[in-house]
Amino acid sequence: MNETVREPARPDGPAPFERGTFDRRDRALILAHLGVSFAALLIGALAGLFQGLQRTGFIQLPQAVGYYQLLTAHGVSLALIFTTFFIIGFLYSGTAKTLDGRFRPFERALAWIGFVLMTAGTVMSLLMILTNDATVLYTFYAPMRAAPWFYIGLALVIVGSWFSGWTIFASYYRWKKAHPGEVSPLFAYMSVATMILWIIATLGVAAEVLFQLIPWSFGWTARINVELSRALFWYFGHPLVYFWLLPAYIYWYVNIPQIIKGRLFSDSLPRLTFLLFILYSVPVGFHHQLMEPGIGAFWKFLQIFFTMIVVVPSLMTAFAMLATFELSGRLKGAKGRFEWVRKLPWKDVRFFAPVLGMAMFIPAGAGGVVNASYQMNQVVHNTLWVTGHFHMALATTVVSTFFGIAYWLVPALTNRKLTRGANNLGILQSWLWFLGMLLLAGSMHIVGLFGEPRRTAYTTYRDHPVVEVWLPYWQVMGVATVFVVLSVLLFLGIVVYLWAFAPRLETAAEYPIGTPLDPAQRPPRILERWSLWIAVTAVLILVAYGVPVWEMLQNPEPGSPPIRSW
Amino acid sequence: MLNIHLPRYERIWLWIGGASLVLFLIILALLALLGDLNPPGNMRMIAPEAVRTTPPFDKPGLKQIGPNEYRATVVAQMFTFQPASMTVPAGSTVHFEVTSPDVVHGFEIPGTNVNMMVIPGHITEFTYTFRKKGDHLIVCNEYCGSGHQVMMGSITVQ
């Protein structure tokens with residue numbers, strides 16, 4: 001590889017594009033996405049509050065509201081809407097910043113089309129949940145049939161998010177044209193990788209919704225192949241969790257080094273990490289279907305093998321984070337083995353909130369290995385253990401990181417100051433969130449091992465003795481639910497303040513982008529040959545899914561007519 | 001090709017992590033192949049409308065098929081199990097076969113490894129030996145509709 005280093009190693013201090021306000025039009029675009037995501041967060045949290053207090057026996061719901069209706073609203077608003085809008089807003093901010101400072105009109109047009117489609121779809125789906133015509137939970141398993149408009153709404157969200165992906169691809173392509181031979185900025189590279197992963201993953205659920213659920217819910221087709229629909233859903237359902245996780249990783253890898261006044265530990269390893277996620281997050285969906293018929297044991301085990309490979313990029317990330325932190329402490333003059341720990345900005349919520357999330361990722365990851373362990377899954381499948389698992393991994397690791405992002409991104413967009421008071425309230429809010437989730441998800445894990453099923457309204461199973469063991473954990477879960485909802489309300493209050501009321505900045509707000517420790521070390525070119533990695537991904541998907549899905553089509557099950565069971 | 005600089009400690013860290021992962025996967029594979037420890041499954045199918053008229057599901061229940069060996073034919077439906085209760089002597093091996101005439105259900109016995117998805121159109125099978133005496137609760141652990149929380153059964157081990 002015979003390329004010249006075009007850009008000189010940067011002097012200390014950020015490069016020019018990292019200062020300066022956002023373009024007015026980009027700002028409107030990003031704030032629109034964040035606004036919808038925060039609205040979904042509020043709806044989802046309130047639904048979670050009443051749902052959580054009902055199932056633990058603290059309250060009874062009024063006749064007009066169903067437990068499962070609230071649970072559907074909780075799952076759809078938080079897992080599908082809040083995350084997707086927040087992630088796209090955050091990725092836009094960093095790609096616009098690092099790809100020559102702003103989007104171009106064509107890119108913005110794509111982005112707005114995506115936003116309008118996704119928002120229309122969200123409103124449509126939430127209305128159907130509100131009228132109790134889509135009480136099918138966020139996994140919408142057939143043959144329970146929701147109103148067709150619920151599925152159409154979801155399809156609009158998916159198709160809209162593809163436009164968001166194209167926005168990012170178009171700006172990346174534009175930058176590559178303008179900077180031939182240069183290595184792309186890390187933030188943009190990771191955003192491209194995240195959206196490639198997202199588009200490959202959503203192909204599955206889009207096929208399920210467009211070709212199976214919508215025609216069937218309208219009555220145009222009489223029966224649905226249930227097992228095929230589940231396979232398509234989980235083809236999407238597992239990479240979905242990496243779609244949540246990767247933006248958090250972007251923040252950890254790219255932004256945090258600058259916030260803690262350190263350096264990027266490496267510019268190449270994070271790229272490799274993201275490639276491994278593209279390769280090994282899709283051909284793994286069967287590990288959500290280990291307990292069911294219609295899929296051969298061999299294929300289940302093969303996908304377990306692929307699932308476990310993502311342990312490797314997770315270990316790489318754990319190492320890189322600690323190395324980045326140590327490096328930052330030592331750059332500030334820390335000596336000895338552990339003095340660097342004290343040099344870290346513990347009182348800065350932009351750092352502190354995601355670090356709490358990272359800490360929770362250790363038990364969350366260990367629990368995930370249990371879930372995916374073929375035989376061991378039998379002990380925990382569909383128990384509250386699983387709910388506890390993703391309240392650690394998604395609701396704590398990812399969402400706590402999103403809190404940390406929002407605390408500086410919102411004022412950076414409105415050119416306001418993250419005041420000391422807001423920062424300190426944010427630290428309080430993060431603690432409340434972390435401890436609340438620790439109690440909530442911890443209890444869910446334990447009571448799940450005692451066999452309590454997930455997704456179940458308040459019941460004592462006619463006072464069966466098994467349930468007695470569960471009761472003390474319900475007390476903890478109920479109290480913890482109140483904790484985390486208070487934390488969300490506090491967060492939203494701080495965000496409103498930062499959005500509209502915090503003092504304006506005289507100079508432009510900083511957008512933190514870390515610089516590599518050793519800029520002379522260029523990432524290998526092959527890491528950016530996307531067609532190669534997409535082709536390898538396609539082969540892996542074909543290996544993992546080809547035969548079993550072919551069998552589902554060649555030797556189809558009898559199929560099921562639609563049923564409304566609520 | 002992938003000429004990426006890895007610091008020495010990171011290489012050690014990844015080797016330890018990678019090796020324990022491989023060891024772990026080998027153990028899982030050996031348990032599956034030699035110990036015959038596989039999760040429930042099976043490829044048998046049945047049309048959901050035909051469940052109530054097709055043997056053996058037209059007469060769900062417990063049938064002795066050998067010394068200390070039983071076959072439990074169970075229909076999981078909105079929002080009951082048929083049969084609702086079963087009784088077996090301690091030490092019995094029970095071969096479960098479960099299907100659904102309507103939506104997706106779960107079949108879980110807390111405190112045991114019995115945990116199955118019941119998918120309409122398919123028959124799920126799993127074998128378990130009950131050693132502990134007592135009244136075991138059977139719950140549906142997959143959301144199946146407004147009465148999901150009352151869907152229960154019992155298996156008594158004497």
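Coordinates for the structure precede this section.
Residues numbered from 1 in each chain as written. Chains lettered and ligands numbered in written order. Predicted model: local features only at pLDDT ≥ 70, side-chain atom pairs only at ≥ 80, totals over all residues. Heavy atoms only, no water.

1. A short note on helix α7 (residues 269–280) of chain A
So, step 1. In this model, α7 of chain A (12 residues) spans 16 Å end to end at C-alpha, consistent with the 16 Å of a helix rising 1.5 Å per residue.
So, step 2. Considered for burial, the residues of α7 of chain A that qualify are Leu269, Pro270, Arg271, Leu272, Thr273, Phe274, Leu275, Leu276, Phe277, Ile278, Leu279 and Tyr280 of chain A.
So, step 3. Buried residues belonging to α7 of chain A abut α5 (186–218), α6 (226–259), α8 (297–309), α9 (311–331) and α17 (530–554) of chain A together with α1 (8–33) of chain B. (Helix = DSSP H or I, 4+ residues; strand = E, 2+ residues; numbered from the N terminus. Expected span 1.5 Å × (residues − 1). Buried < 20%, exposed > 50% of the residue type's maximum accessible area, 1.4 Å probe, protein only. Contact = heavy atoms within 4.5 Å.)

2. Describing the packing of helix α2 (residues 67–98) of chain A against α5 of chain A
Residues and elements named next belong to chain A.
So, step 1. Relative orientation of the contacting elements α2 and α5 amounts to 145°, with a least axis distance of 8 Å. By crossing handedness, the relation of α2 to α5 is classed as left-handed. Across the interface between the two elements, Thr84, Phe90, Leu91, Gly94, Thr95 and Thr98 of α2 pack against Phe187, Ala188, Ser191, Thr194, Met195 and Trp198 of α5.
So, step 2. Along the lines of polarity and charge, the residues of the contact of α2 with α5 split into six nonpolar, six polar and no charged. (Axes fitted to C-alpha atoms, helices over the stretch in contact; angles between N-to-C directions. Left-handed = near helix turned anticlockwise from the far one by under 90°. Nonpolar A, V, L, I, M, F, W, Y, C, P; charged D, E, K, R; others polar.)

3. A look at a nonpolar patch on the surface
All names here are of chain A.
So, step 1. There is a patch of nonpolar side chains on the surface, built from Leu42, Leu46, Phe50, Val482, Leu486 and Leu489 and spanning about 460 Å² of accessible area.
So, step 2. Elements with a minimum of two residues in the nonpolar patch: α1 (24–55) and α16 (471–501).
So, step 3. Note that Leu486 resides in helix α16.
So, step 4. By relative accessible area, which is 47% here, Leu486 ends up partly exposed. (Patch = residues over 30% accessible without salt bridge, like charges linked within 9 Å, V, L, I, M, F, W, Y side chains within 5 Å. Areas by Shrake-Rupley, 256 points an atom, 1.4 Å probe, with all protein chains shown as cover. Salt bridge = Lys/Arg side-chain N within 4 Å of Asp/Glu carboxyl O.)

4. Here we look at the state of the cysteines
All names here are of chain B.
So, step 1. Counted under the stated rule, the structure contains zero disulfides over all chains.
So, step 2. Here Cys140 is not disulfide-linked; the sulfur of Cys144 is the nearest cysteine sulfur, at 3.9 Å.
So, step 3. Take Cys144: its relative accessible area is 0%, and that puts it in the buried class. (Disulfide = S-S within 2.5 Å.)

5. As for the pattern of salt bridges
So, step 1. Counting across every chain of the model gives 16 salt bridges over all chains.
So, step 2. Between Glu142 of chain B and Arg455 of chain A there is a salt bridge; the shortest N-O distance is 3.4 Å. One end of the pair, Glu142 of chain B, is in the loop between β9 (134–139) and β10 (152–157); the other, Arg455 of chain A, is in the loop between α14 (420–449) and α15 (465–468), on a second chain.
So, step 3. Residues joined in a network through salt bridges with shared partners are Asp23, Arg25, Asp26 and Arg108 of chain A.

6. Observations regarding the side chain of Asp26 of chain A
So, step 1. Here Asp26 of chain A is to be found in helix α1.
So, step 2. The contact partners of Asp26 of chain A, leaving out residues within four places of it in the chain, are Ala96, Arg102, Phe103 and Arg108 of chain A.

7. Describing the nonpolar core
So, step 1. In terms of nonpolar packing, the biggest core is built from 238 residues, with Phe90, Phe140 and Phe150 of chain A together with Phe96 and Phe107 of chain B touching the most fellow members.
So, step 2. In terms of residues, this core owes the most to one element, α6 of chain A, which gives 22 residues.
So, step 3. Mapping this core onto the domain boundaries places at least three of its residues in each of domain 1 (1–38) and domain 2 (48–157) of chain B.
So, step 4. Beyond its immediate stretch of four places on either side in the chain, Phe107 of chain B contacts Val74, Phe81, Phe96, Val98, Val114, Asn115, Met116, Val118, Ile138, Val139 and Asn141 of chain B.
So, step 5. Ile46, Val51, Phe57 and Ile123 of chain B belong to the second-largest nonpolar core, a separate cluster that totals five residues. (Core = buried A, V, L, I, M, F, W, Y, C linked by side-chain atoms within 4.5 Å. Domains from an automatic or database assignment.)

8. Quick look at α1 of chain B
So, step 1. With 26 residues, α1 of chain B extends 37 Å from end C-alpha to end C-alpha; this agrees with the ideal 38 Å at 1.5 Å per step.
So, step 2. Listed in full, the buried residues belonging to α1 of chain B are Glu10, Leu14, Gly17, Leu21, Leu25, Leu28, Ala29 and Ala32 of chain B.
So, step 3. Contacts made by the buried residues of α1 of chain B are with α7, α8 and α9 of chain A.

9. Side note on the interface of chain B and chain A
So, step 1. Between chain B and chain A, the contact holds 64 residues from the first and 74 residues from the second.
So, step 2. Of the roughly 5600 Å² buried between chain B and chain A, counting both surfaces, carbon and sulfur atoms make up 69%.
So, step 3. For the salt bridge of Arg223 of chain A with Glu49 of chain B, the shortest nitrogen-to-oxygen distance reads 2.8 Å.
So, step 4. Elements with a contribution of two residues or more to the side of chain B that touches chain A: α1, β7 (115–118), β8 (124–130) and β9 of chain B.
So, step 5. At 12 residues, the largest contribution of residues to the side of chain B that touches chain A is made by α1 of chain B.
So, step 6. Of the residues that constitute the side of chain B that touches chain A, the class distribution is 41 nonpolar, 17 polar and six charged. (Buried area = accessible area lost by both parts, 1.4 Å probe.)

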